Amino acid sequence: MSEEPTLLTPEGLRVDGRRPDELRPIKIEVGVLDNADGSAYLEQGGNKVIVAVYGPRELHPKHLSLPNRALVRTRYHMTPFSVEERKAPAPTRREIELSKVIREALEPSIFLNEYPRTAIDIFIEVLQADGGTRCASITAASVALADAGIPLRDLVAAIAVGKVKGRLVLDLNHLEDQYGEGDMPVAMMPVFNAVTLLQADGLFTPEEFKKALKLARKGIMEVYRAQKEALRKKYSRIPKEGEEL
Amino acid sequence: MPGDVVVTGHYLPGHGSYKLDRKVYAKRIGLVEVTDVGGQKVVNVVPFKGAYLPKEGDVVVGKVLDIGIGHWLVDINSPYTAVLPVSEIFPRPVDISKVDLTEHLNIGDLVVARVIAFDLTRDPLLTLKESRLGKVVKGSLLELPLSQIRRLWMMRERITKLIEERYKCSLVVGENGRILVIGPETRQEVDAVKILKAIGEGRYSKRELRRLLGESR
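What counts and how
Residues numbered from 1 in each chain as written. Chains lettered and ligands numbered in written order. Predicted model: local features only at pLDDT ≥ 70, side-chain atom pairs only at ≥ 80, totals over all residues. Heavy atoms only, no water. Helix = DSSP H or I, 4+ residues; strand = E, 2+ residues; numbered from the N terminus. Rg over C-alpha atoms; globule rule 2.2 N^0.38 Å. Buried < 20%, exposed > 50% of the residue type's maximum accessible area, 1.4 Å probe, protein only. Contact = heavy atoms within 4.5 Å. Areas by Shrake-Rupley, 256 points an atom, 1.4 Å probe, with all protein chains shown as cover. Lys, Arg positive; Asp, Glu negative; His and termini not counted. Charge placed at Lys NZ, Arg CZ, Asp CG, Glu CD. Core = buried A, V, L, I, M, F, W, Y, C linked by side-chain atoms within 4.5 Å. Expected span 1.5 Å × (residues − 1).

**Q** Tell me what's going on with the overall build of chain A, and back it up with residues and numbers.
**A** Scanning chain A from N- to C-terminus turns up four helices and ten strands. Ordered by position in the sequence, the α and β elements of chain A form the string β-β-β-β-α-β-α-β-β-α-β-β-β-α. Scaling as 2.2 N^0.38, a compact globule of 245 residues should have a C-alpha radius of gyration of about 18 Å, and chain A matches this with 19 Å. Seen through its C-alpha atoms, chain A measures out along the principal axes to roughly 60 × 45 × 35 Å. Relative to its 245 residues, chain A shows a buried fraction of 52%. Once local pairs closer than 6 in sequence are excluded, the contacts in chain A between residues at least 24 apart make up 67%. Here chain A displays about 11,400 Å² of accessible surface, and carbon together with sulfur accounts for 52% of that area. Charge centroids of chain A, computed over 35 positive and 36 negative side chains, lie 3 Å from each other.

Set out below in structure tokens:
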């Protein structure tokens with residue numbers, strides 16, 4: 001492997017010139033796919049993710065259906081060209097696990113009991129990966145769910161906090177993830193202050209953990225604003241319903 | 001938008017909204033509508049998009065998917081497939097071993113039916129036992145998003161009048177997002193479909209619509 005890059009300059013700037021608590025620029029577009037019920041495209045720094053949502057729809061095979069709520073199926077997949085070295089297209093262990101983790105981060109936000117015996121399918125395709133794709137996927141998938149008209153408690157926004165050279169930094173990129181000392185992805189429903197995903201690898205002291213969570217919340221609020229703005233941009237164009245003629 | 005606080009205080013959550021700690025939140029992307037139900041203010045969020053959930057009493061336009069023993073399975077443009085039992089077609093009990101069900105309704109046939117039962121634990125039940133209901137033998141089918149159907153519903157009478165006078169077509173607006181246009185000739189049906197689509201998509205301004213509707217009066 002190549003030599004370790006300078007992760008933190010003496011002035012306290014990161015590899016890509018960001019301050020420790022600065023996010024990468026986020027761009028979200030809603031309704032990019034014609035055939036899906038809901039869709040979203042998200043760019044966060046070098047990450048490019050596209051999400052399609054179908055449903056609620058009839059579930060096949062029928063025996064998987066749940067009598068009291070809708071079933072959520074999630075597929076997280078990285079395209080072979082999304083990373084530097086070609087990735088085999090078959091789903092890896094990591095992708096299967098991430099599919100589950102993302103599903104469990106989104107499920108609490110959906111009113112699943114309103115559509116018993118049906119399925120909601122979420123397809124996440126990572127077109128380009130640059131660290132923090134699970135967070136990017138959750139953020140984009142939540143927007144796509146809202147676009148599909150599925151009833152939600154709140155949007156789910158996600159961001160990773162990490163430790164680089166002993167400092168807590170927000171929104172890790174690929175290099176920081178690789179050479180840093182810790183990575184902690186967090187997903188939340190901001191309105192309720194409810195955490196729906198919290199993972200961590202690396203070592204965090206209890207104080208660091210508390211600080212990291214606070215930092216994550218700050219980042220999540222920023223992501224949340226971007227989500228809402230993207231949805232508003234698409235839907236404010238529709239003329240008002242029931243307008244008096 | 002999901003998670004947005006619509007109002008705080010003495011309001012009840014209706015469709016598309018929920019209440020927590022005196023605050024009413026939106027569940028979906030849509031427009032807010034406040035109705036008065038028995039002195040209580042109910043907040044609804046009328047969605048722009050979403051699946052059709054059958055309601056008892058809805059008139060729907062369905063397509064026969066399959067024929068079972070003593071019933072038909074009908075696609076009603078919803079996450080749930082509807083069931084149309086033989087007993088809801090014939091006025092008196094029939095012996096299904098002697099009747100060929102395909103003669104009455106075959107796979108691919110369109111029906112205008114009414115939902116008589118649906119409660120999330122069982123599939124919706126349809127009936128054809130009403131004068132306006134039955135198999136569709138002619139006409140054109142138009143499928144629109146539910147929000148557009150709502151728009152048409154609100155102006156239903158005026159639109160129906162316009163279509164009838166201008167194009168000599170009659171309309172069946174199914175609650176499930178399907179509209180049936182029945183006219184004397186295909187050409188008029190096609191024209192009527194075009195104009196319905198345009199109205200549904202909101203391509204007309206208020207003024208244009210008024211002119212359009214006024215003309216036919």
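**Q** Just give me the short version of the nonpolar core, but keep the residues and values in it.
**A** Counting residues in each nonpolar core, the largest one holds 91 residues, and the members touching the most others are Val51, Val53, Ile122, Ile138, Leu145 and Leu231 of chain A together with Leu126 of chain B. It is helix H4 (residues 206-235) of chain A that provides the largest number of residues to this core, a total of ten residues. In contact with leucine 126 of chain B, not counting residues within four places along its chain, are Val60, Val74, Ile76, Ala82, Val83, Leu84, Pro85, Glu88, Ala113, Arg114, Val115 and Ile116 of chain B. Residues Tyr167, Cys169, Val181 and Leu196 of chain B belong to the second largest nonpolar core, which totals 17 residues.

**Q** Got a sec to walk through helix H1 (residues 93-106) of chain A? Specific residues and values, please.
**A** Residue and element names in this part refer to chain A. Over its 14 residues, H1 runs 20 Å from end to end, which matches the ideal 20 Å to within 8%, given 1.5 Å per residue. Among all positions of H1, only Glu95, Leu98, Ser99, Val101, Ile102, Ala105 and Leu106 are buried. At its buried positions, H1 is contacted by strand E4 (71-78), strand E5 (118-128), helix H2 (133-147) and strand E9 (194-198).

**Q** Outline unusual backbone geometry, listing residues and values.
**A** Following glycine 55 of chain A, the chain continues into proline 56 of chain A via a peptide bond in cis, with omega recorded as 0°. Following the sequence through the fold, proline 56 of chain A ends up in strand E3 (residues 47-58). The linkage connecting histidine 60 of chain A with the following residue, proline 61 of chain A, adopts the cis geometry, with an omega of 0°. Look at lysine 165 of chain A: it is not a glycine, yet its phi comes out positive at around 50°. Take lysine 165 of chain A: it is sitting in the loop between strand E6 (157-164) and strand E7 (167-170). Backbone geometry places arginine 22 of chain B, a non-glycine residue, at a positive phi of 65°. Within the secondary structure, arginine 22 of chain B is located in the loop between strand E3 (17-20) and strand E4 (23-26).

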